[in-house]
Amino acid sequence: MGKEALKDRNISEKQQPWWKSAVIYQIYPRSFCDSNGDGIGDLQGIISRLDYLQELGVDAVWLSPVYRSPQDDNGYDISDYRDIDPIFGTLADMDELIAEAKKRNIRIIMDVVVNHSSDEHVWFREAKKSRSNPYHNYYIWRDGEEGTPPNELKSAFGGSAWTWVPECGQYYLHLFSEKQPDLNWENPEVRHEVHEMLRWWADRGVGGFRLDVVDLFGKEVDKMITKEGTMLHPYIKEMSKAVFCNTDLVTVGEAWSATPERALLYSNPDGSELSMVFQFEHISLDQQEGKTKWDLAPLPFLKFKQVLSKWQTELYQRGWNSLFFENHDLPRSVSRFGNDREYRIESAKMLATLLHGMQGTPYIYQGQELGMTNIRMELSEYQDIELLGMYRERKAAGYPEEELMEAIYAKGRDNARTPMQWSDAPNGGFTTGTPWLKVNPNYKQINAYSQVQDGNSIFHYYRKLIALRKKHSVLVDGRYELLLPEDSSVFAYTRTDEKTRLLVLCNFTADTVAFSMDEDWTDAEVLIGNYESPSASGTLRPYEAVMLKKQRTAEMK
Ligand code: GLC
Ligand code: CA
């Protein structure tokens, strides 16, 4: 099944895949829009906001998981891959969402969590009954003594990655919570189930897939290898052959361990693996060397420029980048890399300019287009399994309370998960009930309603950036070059194709700064900028950003 329907959507080889000029918007359904007052966002809520997304101009929506799930990790623990969780709606709602989105030229991208399932998936409920159960081998088991796990592997959410099951006299592996048992990718039946499930969704009309923690699929637990095991790329190739190849499905893998070298495999333009991966090198710089994200350090700005530039250069014409500063696991970028106080609007637009000027597919995380900020709450108000696990472990290890809270304020995943701020109505217009997670009290100033009205808002700035990508193919194809690599305030680069050259200038500080460049840009056209008129050449005001364009002449390199 599946193959025939997919063939209809073949693309000619010469044409660029649609996702190279696309902008993708990520929805975290739980926090997007609640249609029935139970305090949790849902599919009908999303449907009611599709016009907003169409106005913004995005081509696709990546939907964080809405499948049936006990919600131990907010849906990243799936108990039925072919059904919708009742808190979000029904399969009929999902079909309606796909159809309504399609009317607005928006594709729906499903989040595929198949490194692990929920422990409440029927496969695991069977698997844990006995060693001889037909589903036992769907998961990763090792013998051992109760109380002495097979090895030192740790769960990302705290504690050992192994949990004992007395019925089997064995441990099962869970690299995340104990309610997220790892699927056994070495078992061909498991891989086949995954392929069938993906085809089932493709047949329902979805536009693609985001593959959760794809770099863990080939783990070799006895060698303590979790990321990038020997079989990783063969498994992806097999999946691509079975499901993605010769279709126009977009596929993006989440790969925390990816280097540019690896990304060239994952995003090989021959289509043998995926369209692109999310890499996290630029996202992992503001932490102490060799430690975790909770061990805070200031952002090394020169390194930040160098890392982003390296990815631009290394993948040029040989792979494809995804471009992002935010998602549901990361803090808000304006609070992290910008200034969420007096220069919130300027710095949010500056970060947007920086990212949308680069080569790759930009991703906008819900609320980023409004400049939504981090939040500080009482410990008891936090919900996220990851930050609560960290708090428990570090508290027990004697870390001072203040340090733990600072880490949570800076990096906790709930920063990005506070409900979407639609208006200045109670709870930001997200729900008429009690929201599952506190709404950021700044919703009175920061909300979609007021920004849609205001032509100078961050929302409209994003809308213009998206439109620019459609209009200027140099944004899609142009060669990237970093300028001023040693400048500690300004991020500057060019994009060049046969006919055109763009210059992007971004001031990362709250000061007016001066810089000098060899090339003359005085008569260039201003495509977009975050101040009413651009600065005198050679200076930038606080968090100023500008994108300039000129025709290329013979003497330009
Ligand atoms: C990915 C998801 C994250 C989740 C984890 C386990 O990193 O983005 O939200 O907790 O995988 O599925
Ligand atoms: Ca609801």
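Just so we're clear, the structure is a prediction, and the values are computed from it rather than from any experiment. (Residues numbered from 1 in each chain as written. Chains lettered and ligands numbered in written order. Predicted model: local features only at pLDDT ≥ 70, side-chain atom pairs only at ≥ 80, totals over all residues. Heavy atoms only, no water.)

**Student:** An account of the sheet that holds strand S15 (residues 490-496) is needed here, citing residue identities and associated values.
**Tutor:** Spatially, S14-S15-S16-S20-S18 is the arrangement adopted by the 5 strands of the open sheet, whose pairing is antiparallel. Of all the strands in the sheet, just strand S14 (479-483) and strand S18 (525-529) have a single pairing partner and so form its edges. Between one strand axis and the next, the sheet turns through 20 degrees on average, direction left out of account. Here S15 runs beside strand S16 (residues 500-507); their pairing, made up of 7 bridges, is antiparallel. Each bridged residue has a counterpart across the sheet, and for valine 490 the counterpart in S16 is asparagine 507. Where helix H9 (residues 301-315) meets the sheet, it contacts S14 and S15, and its direction lies at approximately 15 degrees from that of S15. (Pairing = 2+ DSSP bridges. Helix = DSSP H or I, 4+ residues; strand = E, 2+ residues; numbered from the N terminus. Axes fitted to C-alpha atoms, helices over the stretch in contact; angles between N-to-C directions. Contact = heavy atoms within 4.5 Å.)

**Student:** Would you mind going over the packing of helix H6 (residues 188-203) against helix H7 (residues 232-244) in detail, with residue names and values included?
**Tutor:** The N-to-C vectors of H6 and H7 enclose an angle of 35 degrees; their axes lie 9 Å apart at closest approach. Read as a crossing pair, H6 and H7 show a hand that is right-handed. Contacts between H6 and H7 involve Arg191, His195, Leu198 and Arg199 on the former and, on the latter, Tyr235, Glu238, Met239, Ala242, Val243 and Phe244. (Left-handed = near helix turned anticlockwise from the far one by under 90°.)

**Student:** I'd like a description of the sheet that holds strand S7 (residues 162-165), backed by residues and values.
**Tutor:** On the basis of which strands lie adjacent, the open sheet formed by 3 strands has the order S6-S8-S7 and antiparallel pairing. Each edge of the open sheet carries a strand with a single partner, namely strand S6 (141-143) and S7. For this sheet, the mean inter-axis angle between neighbouring strands, taken without regard to orientation, is 35 degrees.

**Student:** Which residues make up the coordination of the calcium ion (ligand 2), and what values do they have?
**Tutor:** Here the calcium ion (ligand 2) is held by the protein donor atoms Asp34 (OD), Asn36 (OD1), Asp38 (OD), Ile40 (O) and Asp42 (OD), which lie 2.3 Å from it. Ordering the donors of the calcium ion (ligand 2) by residue number gives the pattern D-x1-N-x1-D-x1-I-x1-D. (Donors = N, O, S within 2.8 Å, 3.2 Å for Na, K, Ca; no water.)

**Student:** Provide a residue-level description of the nonpolar core, including the pertinent values.
**Tutor:** Within the largest apolar cluster, 154 residues are counted, with the highest numbers of intra-cluster contacts made by Tyr25, Leu63, Met94, Trp201, Phe304, Phe491 and Phe508. Apart from residues lying up to four places away in sequence, phenylalanine 304 is in contact with His282, Leu285, Leu299, Phe325, Phe337, Leu354, Phe491 and Phe508. If you look at the next biggest cluster of nonpolar residues, it comprises 13 residues, including Ile140, Tyr171, Leu173 and Leu175. (Core = buried A, V, L, I, M, F, W, Y, C linked by side-chain atoms within 4.5 Å. Buried < 20%, exposed > 50% of the residue type's maximum accessible area, 1.4 Å probe, protein only.)

**Student:** Describe the site of ligand 1, and please don't skip the residues or the numbers.
**Tutor:** Neighbouring residues of ligand 1: 13 residues in total, closest Asp73, Asp212, Glu254, His328 and Asp329. Histidine 116 is positioned with one of its side-chain polar atoms (N or O) 2.9 Å from an oxygen atom of ligand 1. In this structure, glutamate 254 approaches ligand 1 through a side-chain N or O atom, which is 2.8 Å from an oxygen atom. Notes on ligand 1: free accessible area 310 Å², of which the protein chains cover 97%. Tallied by class, residues from the shell around ligand 1 come to 4 nonpolar, 2 polar and 7 charged. (Near = heavy atom within 4 Å. Polar contact = N/O pair within 3.5 Å; in protein donor to acceptor, adjacent residues only side chain to side chain. Areas by Shrake-Rupley, 256 points an atom, 1.4 Å probe, with all protein chains shown as cover. Nonpolar A, V, L, I, M, F, W, Y, C, P; charged D, E, K, R; others polar.)

**Student:** Can you break down helix H11 (residues 344-356) residue by residue, with the values?
**Tutor:** The α-helix advances 3.6 residues per turn, and as a result positions three or four apart in sequence lie on the same side. Helix length check: H11 (13 residues) gives 18 Å between terminal C-alpha atoms against 18 Å at 1.5 Å per residue, within 8%. Across the 13 residues of H11, 11 count as buried, placing the element largely inside the fold. Among all positions in H11, only Arg344, Ser347, Ala348, Lys349, Met350, Leu351, Ala352, Thr353, Leu354, Leu355 and His356 are buried. (Expected span 1.5 Å × (residues − 1).)

**Student:** If you had to explain the packing of aromatic side chains to someone new, which residues and values would you point to?
**Tutor:** Within the structure shown, the criterion is met by 37 aromatic pairs. Considering the side-chain rings of tyrosine 67 and tryptophan 201, the 5.8 Å spacing of their centres and the 85 degrees angle between planes classify their relative orientation as edge-to-face. With tyrosine 67 in strand S3 (residues 67-68) and tryptophan 201 in helix H6, this pair connects stretches of sequence that are 134 residues apart. Comparing tyrosine 67 with tryptophan 201, the two get one shared label, buried. Considering the side-chain rings of tryptophan 256 and phenylalanine 280, the 3.7 Å spacing of their centres and the 5 degrees angle between planes classify their relative orientation as stacked. Here tryptophan 256 is found in the loop between strand S10 (250-254) and helix H8 (260-266), whereas its partner phenylalanine 280 is found in the loop between strand S11 (276-278) and H9, with 24 residues between them in sequence. Here a set of aromatic residues connected by ring pairs shows up, and it is made of Phe301, Phe304, Phe325, Phe337, Tyr480, Phe491, Tyr493 and Phe508. (Phe/Tyr/Trp six-rings, centres within 6.5 Å; stacked < 30°, edge-to-face > 60°.)

**Student:** Would you mind going over the pattern of salt bridges in detail, with residue names and values included?
**Tutor:** Should the charged atoms of two oppositely charged side chains come close, the side chains can pair. If you walk through the whole model with that rule in mind, you get 41 salt bridges. When the shortest N-O distance is used, the salt bridge between aspartate 384 and arginine 417 registers 3.5 Å. Placement of the pair is aspartate 384 in the loop between strand S13 (361-365) and helix H12 (385-396) and arginine 417 in helix H14 (residues 414-417), with a sequence separation of 33 residues. This pair shows no difference in class: aspartate 384 is buried, exactly as arginine 417 is. (Salt bridge = Lys/Arg side-chain N within 4 Å of Asp/Glu carboxyl O.)

**Student:** Please set out the side chain of aspartate 286 residue by residue, giving values where relevant.
**Tutor:** By the element assignment, aspartate 286 lies in the loop between S11 and H9. Setting aside residues no more than four positions away along its own chain, aspartate 286 makes contact with Leu296, Ala297, Pro298, Leu299, Pro300, Arg336, Phe337 and Lys411.

**Student:** Could you give an account of the environment of tyrosine 81, with specific residues and numbers?
**Tutor:** Note that tyrosine 81 resides in strand S4 (residues 80-84). Residue class for tyrosine 81 comes out buried when judged on its relative accessible area of 5%. Placed 54 residues apart in sequence, tyrosine 81 and isoleucine 27 show a C-alpha to C-alpha distance of 19 Å. Beyond its immediate chain neighbours, meaning those up to four positions away, tyrosine 81 contacts Tyr67, Val113, Val114, His116, Ser117, His121, Trp123, Leu183, Met197, Trp200 and Trp201. Among the polar contacts listed, one links the side chain of tyrosine 81 to the backbone oxygen of valine 113, at a separation of 2.9 Å. At 3.1 Å, the side chain of tyrosine 81 and the backbone oxygen of histidine 116 are in polar contact.

**Student:** Residues and numbers for the packing of H11 against helix H16 (residues 458-471), please.
**Tutor:** Close contact between H11 and H16 brings their axes to 10 Å; oriented N to C, the two are set at 15 degrees. Classified by the angle between their axes, H11 and H16 sit roughly parallel to one another. The way H11 lies across H16 gives a crossing that is right-handed. Of H16, the residues touching H11 (which contributes Arg344, Ile345, Ala348, Lys349, Ala352, Thr353, Leu355 and His356) are Ile458, Tyr461, Tyr462, Leu465 and Arg469. Considering only residue class, the contact of H11 with H16 consists of 8 nonpolar, 2 polar and 3 charged. (Parallel < 35°, antiparallel > 145°, perpendicular 65-115°, else oblique.)

**Student:** Explain the confidence of the model for the protein to me, using residue names and the numbers behind them.
**Tutor:** Scored by pLDDT, the protein comes out at a mean of 96, with 97% of its residues at no less than 70. Confidence drops under pLDDT 50 across residues 1-13; counting only partners more than four residues distant or on other chains, this segment forms 25 contacts. (pLDDT = per-residue confidence, 0-100.)

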